[in-house]
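Notes for the structure review
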Amino acid sequence: MFRLITPQTESQLASYYYFRWQMLRQPWQMPQGSERDAYDDVSAHRMLVDSHDNVVAIGRLYVTPDNEGQIRYMAVDAAVRHHGLGGMILLALESLARYDGAKRLVCNAREAAIPFYLKNGFESRGELSDAHGPMRHQQMVKPLSPLTDVARQPQWCQELQTLWQNQIPISDKMGIKINQYTGYRFEVSALFNANLNPNEFMFAGSIFTMATLAGWGFIWLLLKERGLQGNIILVDSHIRYSAPVTERPIAVTTLEHLRGDFDRITQGRKGRVTVDVNVQCGKAVSSTFTGTYLVLPLQDESTVTVDTP
């Protein structure tokens, strides 16, 4: 199981920087300390860890005064490469860059990593250069359109909305709609008046269904990001109701609320993914849902199973 975190504690930061040195500096006989630079203290850092809290992937974002998001120190453990983990780090950093107002992303990619960045929407700029050390690099650039702050893949969001309407009719009666998908954050809303109990609060069952679909939909979109398909089945769940919902609710989840067997799923095997979803009333969290979903390899591409209690 992998999960995305922001290294904050002394132990987490030590593991983060050691992994950076181990992956990006040690192979060239460069000393510890060479993996750090003057921008680390004013940058955003993200890392993926496994179920034993071992670091398996990292990346850093620095937004310049000219609103340019600079991606640096991207690295993935060789044992889990080609399983979509680098893409998950990149999605998180891209979302942070958009939030900070960056107009484009820029990185200097090692020659072997150029196909990865091209696959993730970057364009190649300039010739290969060895000016950044012992490895040749090429500048990669990705313009950031403001429209994708709302819908990174609008056609996928529409496909998902239609899937819910056709296979889960109650979602349409509840007025469940996709508000936002950035690759990092997924948000859905529901009609308030269509889900009232006799006390004029939102039904607990409606809150549960909304959160379940938010978690399910986020996994579905992330599979699409990786060119994968699968039957997604809710196999375990827990929800804590902390306050009544008294106005139009939204359900929100992000990559940092996700952990799962992504390597198994990428290999075409069944795997589990756990998602935490916050249901908000205004800006306050009224319910917290945790759902574990089983992703099964899709044998027949003409059918998709949506399973919710």
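Described below are features of the structure shown in this document. (Residues numbered from 1 in each chain as written. Predicted model: local features only at pLDDT ≥ 70, side-chain atom pairs only at ≥ 80, totals over all residues. Heavy atoms only, no water.)

To continue, consider the overall build of the protein chain. Within the protein chain, the regular secondary structure consists of seven helices and 15 strands. Computed over the C-alpha atoms, the radius of gyration of the protein chain is 21 Å, within 12% of the 19 Å expected from 2.2 N^0.38 for a compact globule of 309 residues. Its C-alpha atoms put the protein chain at 70 × 45 × 35 Å along the principal axes. Expressed as a percentage of the 309 residues in the protein chain, the buried residues total 50%. (Helix = DSSP H or I, 4+ residues; strand = E, 2+ residues; numbered from the N terminus. Rg over C-alpha atoms; globule rule 2.2 N^0.38 Å. Buried < 20%, exposed > 50% of the residue type's maximum accessible area, 1.4 Å probe, protein only.)

Per the counting criterion, the structure on display carries 14 salt bridges. For the salt bridge of Glu35 with Arg36, the shortest nitrogen-to-oxygen distance reads 3.8 Å. Note on Arg36: relative accessible area 46%, which makes it partly exposed. Asp276 is paired through a salt bridge with Arg259; the nearest N and O atoms lie 3.0 Å apart. Residue Asp276 is found in strand E13 (residues 271-281), and its partner Arg259 is found in strand E12 (residues 258-260); the two are separated by 17 residues along the sequence. Residue Asp276 is classed as buried on the basis of its relative accessible area, which comes to 18%. Among the charged side chains, a network of salt bridges with common partners joins Arg20, Asp37, Asp40, Arg60 and Arg72. (Salt bridge = Lys/Arg side-chain N within 4 Å of Asp/Glu carboxyl O.)

The buried fraction of strand E2 (residues 44-49) is high, at five of six residues. Pairing of strand E1 (residues 2-5) with E2, which is carried by three bridges, proceeds in the antiparallel orientation. If you follow Arg3 over to E2, its bridge partner there is Val49. Two elements, E2 and strand E3 (residues 55-63), share six bridges in a ladder whose sense is antiparallel. Looking at the pairing, Met47 lines up with Ile58 of E3. (Pairing = 2+ DSSP bridges.)

Read these as layout, nothing more, since geometry by itself doesn't imply function.
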